[in-house]
Amino acid sequence: LAKEKGRHRIAVFDDALRQRTVARSKMDQALRYAVERNELFLMYQPKVSLQTGKLCGFEALMRWRSAQGLISPVEFIPLAEESGTIIQLGHWALRAACRQLRQWQNDYPALDDLTVAVNVSVRQLFQDGFVESVQAIIDEFGIYPSALELEITESAAMSNPAQAVRLLSDLKRSGVRIALDDFGTGYSSLAHLQKLPIDVLKIDRAFVNGLGERRENAEIAKLVIALAKTLNLETVAEGVETTDDMRALQKLQADIAQGYLFSRPMSVNEAEQQLRIGSPYLV
Ligand code: C2E
Ligand code: MG
Ligand code: MG
Ligand code: MG
């Protein structure tokens, strides 16, 4: 009987696993067509100077309006990374963001230091011809390359530090800026960090949320900001949700903040309204 039961349990487990695998491969297939079907779009989250409250740029964040409704990148990006579909999605995002940046550079010439940040996955970065494709997109839209920031996660860069140093150096030659995303959640060796040709450290929101209240977070954020200053990097704090978090970051002299306190990711229309109004955020 016990044996029977055991076998049954395995069958149930198998079934659940199979269903999950089928669902994932269906989603991946749908994702492959998402680009041609125009189901992807970008939202833009403001980045705000902690000194002046001025909008300094946006991070472009991908959204998927699928037949099943709106799907979060937290769900589809890991899947696309696993299957390789991220190569197409990432290329689409980069072109869409650069086209938008070109338009903003035309329409708001006074805001000549506005930046747009685009997330780049590790598969994309390490893909043959990636550096050339970035250069081709810059040329296609004729953007100032220094207005384009590419965000690579710390764990992606550290998955193959030597190759990351090579590729990021090549990328930098085209004039783009590089940000290390989700910093503090990967496993950086300080020796590798020092060699990476990056411009910006983005402190992961795990250390930013509750900064005002939690002592350990404040201590970690302090260390990260000090490290960034030593390496001459700009600091961006992600996930700033409260005035307390913001005040604590100002005290630690972080440069830029991003988070729900200022704004959730915006549609293009909302972003343009913000660009037109131009009034600073309250800091
Ligand atoms: P990320 O690059 O670290 O982006 C920041 C995420 O934090 C975004 O989630 C943003 O909406 C969210 N966020 C911003 N402020 C706050 C806040 O105050 N509180 C909280 N709780 N969250 C905040 P989103 O848009 O869901 O994106 C999740 C992740 O998906 C991104 O994390 C990035 O890793 C990935 N992703 C998004 N778009 C792309 C893309 O075009 N390409 C690639 N490769 N990855 C992308
Ligand atoms: Mg990012
Ligand atoms: Mg991040
Ligand atoms: Mg993140």
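As shown above, the structure is provided for reference.
Rules behind the numbers
Residues numbered from 1 in each chain as written. Chains lettered and ligands numbered in written order. Predicted model: local features only at pLDDT ≥ 70, side-chain atom pairs only at ≥ 80, totals over all residues. Heavy atoms only, no water. Helix = DSSP H or I, 4+ residues; strand = E, 2+ residues; numbered from the N terminus. Rg over C-alpha atoms; globule rule 2.2 N^0.38 Å. Buried < 20%, exposed > 50% of the residue type's maximum accessible area, 1.4 Å probe, protein only. Contact = heavy atoms within 4.5 Å. Lys, Arg positive; Asp, Glu negative; His and termini not counted. Charge placed at Lys NZ, Arg CZ, Asp CG, Glu CD. Core = buried A, V, L, I, M, F, W, Y, C linked by side-chain atoms within 4.5 Å. Expected span 1.5 Å × (residues − 1). Near = heavy atom within 4 Å. Polar contact = N/O pair within 3.5 Å; in protein donor to acceptor, adjacent residues only side chain to side chain. Areas by Shrake-Rupley, 256 points an atom, 1.4 Å probe, with all protein chains shown as cover. Nonpolar A, V, L, I, M, F, W, Y, C, P; charged D, E, K, R; others polar. Phe/Tyr/Trp six-rings, centres within 6.5 Å; stacked < 30°, edge-to-face > 60°.

A. Summary view of the overall build of the protein. The secondary structure content of the protein amounts to eleven helices and nine strands. Here the protein has a C-alpha radius of gyration of 21 Å; the compact-globule value for 283 residues is 19 Å, and the two agree. Summarising its shape, the C-alpha atoms of the protein cover approximately 75 × 45 × 40 Å along the three principal directions. For the protein, the proportion of its 283 residues judged to be buried stands at 47%. In the protein, 70% of the contacts between residues at least 6 apart in sequence involve partners at least 24 apart. Charged side chains of the protein number 33 positive and 36 negative; the gap between the two group centres comes to 5 Å.

B. Looking closely at the nonpolar core. One finds Leu42, Met62, Trp104, Leu150, Leu171, Ile198 and Leu249 to be the most contacted residues of the largest nonpolar core, which totals 78 residues. If near-sequence neighbours (up to four positions away) are discounted, Ile198 is found in contact with Leu168, Ile178, Leu180, Leu193 and Leu233. Core analysis: the next-biggest nonpolar cluster, separate from the first, contains five residues, Cys56, Ala179, Val200 and Ile256 among them.

C. Geometry of helix 5 (residues 130-141). With twelve residues, helix 5 ought to run about 16 Å at 1.5 Å a step, and its terminal C-alpha atoms sit 17 Å apart, in line with that. Residues of helix 5 that are buried in the fold lie against helix 3 (86-107), helix 4 (122-125), strand 5 (148-153) and helix 7 (161-173). In the stretch just after helix 5, Gly142 is the one whose phi turns positive, near 60°.

D. Expanded view of the site of ligand 1. Taken together, 23 residues lie near ligand 1, and Arg63, Asn119, Asp181, Glu241 and Tyr260 sit nearest. Within the side chain of Glu59, a nitrogen or oxygen atom sits 3.0 Å from an oxygen atom of ligand 1. Starting from 800 Å² of accessible surface for ligand 1 in isolation, the protein chains cover 86%. Of all the secondary structure elements, the ones that give two or more residues to the shell around ligand 1 are strand 2 (55-66), helix 2 (73-83), helix 3 and strand 6 (177-183). Looking at the shell around ligand 1 element by element, the count peaks at four residues for strand 2. Partitioning the shell around ligand 1 into residue classes produces ten nonpolar, five polar and eight charged.

E. Local environment of the packing of aromatic side chains. Enumeration over the complete set of coordinates arrives at five aromatic pairs. Relative to Phe58, the ring of Tyr44 lies with its centre 6.2 Å away and its plane at 80°, an arrangement referred to as edge-to-face. Of this pair, Tyr44 sits in strand 1 (residues 40-49) while Phe58 is found in strand 2, placing the two residues 14 residues apart along the sequence. By the burial criterion, Tyr44 is buried, and Phe58 matches it. Relative to Trp104, the ring of Tyr44 has its centre 5.1 Å away and its plane inclined at 70°; by these criteria the two rings are edge-to-face. With Tyr44 in strand 1 and Trp104 in helix 3, this residue pair connects regions lying 60 residues apart in the sequence. By relative accessible area, Tyr44 is classed as buried at 2%. A residue is classified by how much of its surface remains accessible, and Trp104, at 1% relative accessible area, is buried. One aromatic cluster in this structure is built from Tyr44, Phe58 and Trp104.

These figures capture arrangement, not role.
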